[in-house]
Amino acid sequence: MYQRYLDAWWPILLQTSQRTGYARPRVTLLDAFAGPGRYEGGEPGSPVFILDRLLHHTAVDRMHLSPRRVHLVFIEKDRARHEHLLSELTDRFGKLSDLPVRVEVRRGEAGRDSLPVLTELGAWGHPILGIFDSWGSVNVPLEVTRRIARNRSSEVITTFGPNWFSRREELNADILDAVFGGRGYWTPAADEARPDERWRAWLGTYRSALRRAGFGYQLQFRLVPRTGQHLYLVFGTGSDAGLRAMKEAMWKVDDRDGESFQDPRTRGAEAVGQLDIFQAAGACDPELLELVTQRLALGNATVETIGQWLLTETSRWMPTHALKAVRQMRQDGSAVVQSTGRLTSKSLVSLPAAA
Ligand SMILES: C[S@@+](CC[C@H](N)C(=O)[O-])C[C@H]1O[C@@H](n2cnc3c(N)ncnc32)[C@H](O)[C@@H]1O
């Protein structure tokens, strides 16, 4: 999924100046939990595929790559993994200093070293994408995400592995205070008694932290691989283009990638994948209908408002899906359209009155 997101991210930032307002912005990608560059099964790790996808991007000729302009920073704490990453990158791409982008491979601590390295590279004031893919040990202080959130055109992707949602007594309260900005913010999630609700509580808690950090939009979802364990992801951005690019990346991920997604707002339903099945049948995905019902439970809304809510509050649905969902719900009686006549973006919609 990162790959698909980055395929969209690089050209948005490097090819045009419209989004950022800079003539030729400097762009920094920080992968702060970089890993060793290769998985045991041989698959490339994130630093390798990030660099590979950039250097071989279909639009690379229009991106004006230069080491002054494009910075890729990889931080890895473990000595052996750091060394492995360096040799992996060099074996694959040759001498790093000869590349058309600047690649920094640092041994360090994500929480402690992210801000200083961004300062050292002159990244502030230009777009930054921070990837905090620790899986288990999210320990990046809110101060780091706050600095990135308040920097122009900057975004973060944070992942959580299943062991994050552990029992309260296994949590390090001081670290969590730093990550969430204070005890009161995270203890309700830690106290969530129902095990199958714990991940939702933590994801929602982190999502709120990103909002407090200053990101206007935050997406959250559970990645469901065909095999292996779930991975949880929260994305923060201030930009409409970034939000849409992330959602589009999710739509492009399909069964061939061996992944699907679940919106934490939906319960019970299996992870939604293979959206085409419903589309081919001309019907709306049940997840979409469930989410629109949730929005209407908050109060009456126009189709347009529902669409905006889908965009900013749900993992993958876009404004255009609102009209289709309301049309189907009107037909089957699960929603009422207040105005007569043609359904438009201004039509007011409500749930049917309780019998
Ligand atoms: C889940 S792996 C990263 C996987 C990588 N993003 C990929 O897709 O190939 C997490 C890595 O972060 C490293 N790590 C753990 N704590 C860290 C910290 N505080 N700062 C930097 N790296 C850390 C671990 O050694 C491990 O290699």
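Residues numbered from 1 in each chain as written. Predicted model: local features only at pLDDT ≥ 70, side-chain atom pairs only at ≥ 80, totals over all residues. Heavy atoms only, no water.

> So what exactly am I meant to see when it comes to the packing of helix H7 (residues 183-190) against helix H8 (residues 195-213) here?
Axis angle and axis distance: for two packed helices, these are the angle between their axes and the distance between the axes, and together they describe the pair. The contact between H7 and H8 brings their axes to 8 Å, and the two run at 165°. Considering their axes alone, H7 and H8 lie roughly antiparallel with respect to each other. Seen from above, H7 lies across H8 with right-handed handedness. Contact with H7, carried on its side by Tyr185, Trp186, Ala189 and Ala190, involves Arg198, Ala201, Trp202, Thr205 and Arg212 of H8 and no other residues of that element. For the contact of H7 with H8, the residue count by class is six nonpolar, one polar and two charged. (Axes fitted to C-alpha atoms, helices over the stretch in contact; angles between N-to-C directions. Helix = DSSP H or I, 4+ residues; strand = E, 2+ residues; numbered from the N terminus. Parallel < 35°, antiparallel > 145°, perpendicular 65-115°, else oblique. Left-handed = near helix turned anticlockwise from the far one by under 90°. Contact = heavy atoms within 4.5 Å. Nonpolar A, V, L, I, M, F, W, Y, C, P; charged D, E, K, R; others polar.)

> Hey, could you run me through the site of the ligand in this one?
The full set close to the ligand counts 19 residues, and Ser46, Glu76, Arg81, Ala110 and Asp133 are the nearest of them. In the environment of the ligand, an oxygen atom lies 2.9 Å from a nitrogen or oxygen atom belonging to the side chain of Tyr39. Between the ligand and Asp133 there is a distance of 2.6 Å, counted from a nitrogen atom to a side-chain nitrogen or oxygen. A class-by-class count of the residues in the shell around the ligand yields six nonpolar, seven polar and six charged. (Near = heavy atom within 4 Å. Polar contact = N/O pair within 3.5 Å; in protein donor to acceptor, adjacent residues only side chain to side chain.)

> Could you clarify how one ought to interpret the domain arrangement of the chain in this entry?
Frequently, the measure chosen for interface size is the accessible area removed from exposure when the parts meet. Taken domain by domain, the chain holds domain 1 (2-262) and domain 2 (276-350). Taking only C-alpha atoms into account, the centre of domain 1 sits 32 Å from that of domain 2. Taken together, the contact between domain 1 and domain 2 spans 14 residues of the former and 12 residues of the latter. Both sides together, the interface formed by domain 1 and domain 2 hides about 1100 Å², and carbon and sulfur atoms give 54% of it. For the domain 1 face of the interface with domain 2, the top three residues by lost area are Arg244, Lys247 and Trp251, together amounting to 50%. Our enumeration of links across domain 1 and domain 2 arrives at one salt bridge. In this structure, Arg207 and Glu313 form a salt bridge, with 3.2 Å as the shortest nitrogen-oxygen distance. Summed over the shared surface of domain 1 and domain 2, the number is eight residue pairs in polar contact (both at pLDDT 80 or more). Contributions of two or more residues to the side of domain 1 that touches domain 2 are made by strand S6 (217-225), helix H9 (240-252) and strand S8 (259-262). (Domains from an automatic or database assignment. Buried area = accessible area lost by both parts, 1.4 Å probe. Salt bridge = Lys/Arg side-chain N within 4 Å of Asp/Glu carboxyl O.)

> Sorry if this is basic, but what is going on with the packing of aromatic side chains here?
Counted by the stated rule, this structure contains nine aromatic pairs. Measuring from centroid to centroid gives 5.9 Å for Phe180 and Tyr206, while their planes differ by 85°, and the two rings are edge-to-face. You can see Phe180 sitting in helix H6 (residues 173-180) and its partner Tyr206 sitting in helix H8, a full 26 residues away along the chain. We note that Phe180, like Tyr206, is buried. Summarising the aromatic geometry, the rings of Trp199 and Tyr232 are spaced 5.3 Å apart at their centres and angled 45° between planes, so their arrangement reads as tilted. (Phe/Tyr/Trp six-rings, centres within 6.5 Å; stacked < 30°, edge-to-face > 60°. Buried < 20%, exposed > 50% of the residue type's maximum accessible area, 1.4 Å probe, protein only.)

> How should I be thinking about the pairing of strand S5 (residues 155-160) in this particular structure?
Along any regular strand, the residues point their side chains to alternate faces of the sheet. Burial within S5 is extensive, with six of its six residues counted as buried. Burial along S5 is two-sided: the face carrying Glu155, Ile157 and Thr159 and the face carrying Val156, Thr158 and Phe160 are both buried. Sheet analysis places strand S4 (residues 128-132) next to S5, joined by four bridges and oriented parallel. In the sheet register, Gly130 faces S5, and the bridge partner there is Val156. (Pairing = 2+ DSSP bridges.)

> Teacher, can you tell me more about the packing of H9 against helix H12 (residues 303-313) here?
Following both chains from N to C, one finds H9 and H12 inclined at 75°, their axes separated by 10 Å at the closest point. As the angle between them shows, H9 and H12 are arranged roughly perpendicular. Facing H9, whose interface residues are Leu243, Arg244 and Lys247, H12 presents Leu310, Leu311 and Thr312. When the residues that make up the contact of H9 with H12 are grouped by side-chain class, the tally is three nonpolar, one polar and two charged.

> How should the sheet that holds strand S2 (residues 70-76) be read in this particular structure?
What holds strands together in a sheet is hydrogen bonding between their backbones, with the strands either parallel or antiparallel. Across the sheet, eight strands lie side by side as S3-S2-S1-S4-S5-S7-S6-S8; this open sheet has mixed pairing. With partners counted over all chains shown, the strands left at the sheet margins are strand S3 (102-107) and S8, one partner each. Pairwise comparison of adjacent strand axes, ignoring direction, gives a mean angle of 20° for this sheet. Across four bridges, S6 lies against S8 in antiparallel orientation. Along S8, the bridge assignment pairs Val224 with Ser260.

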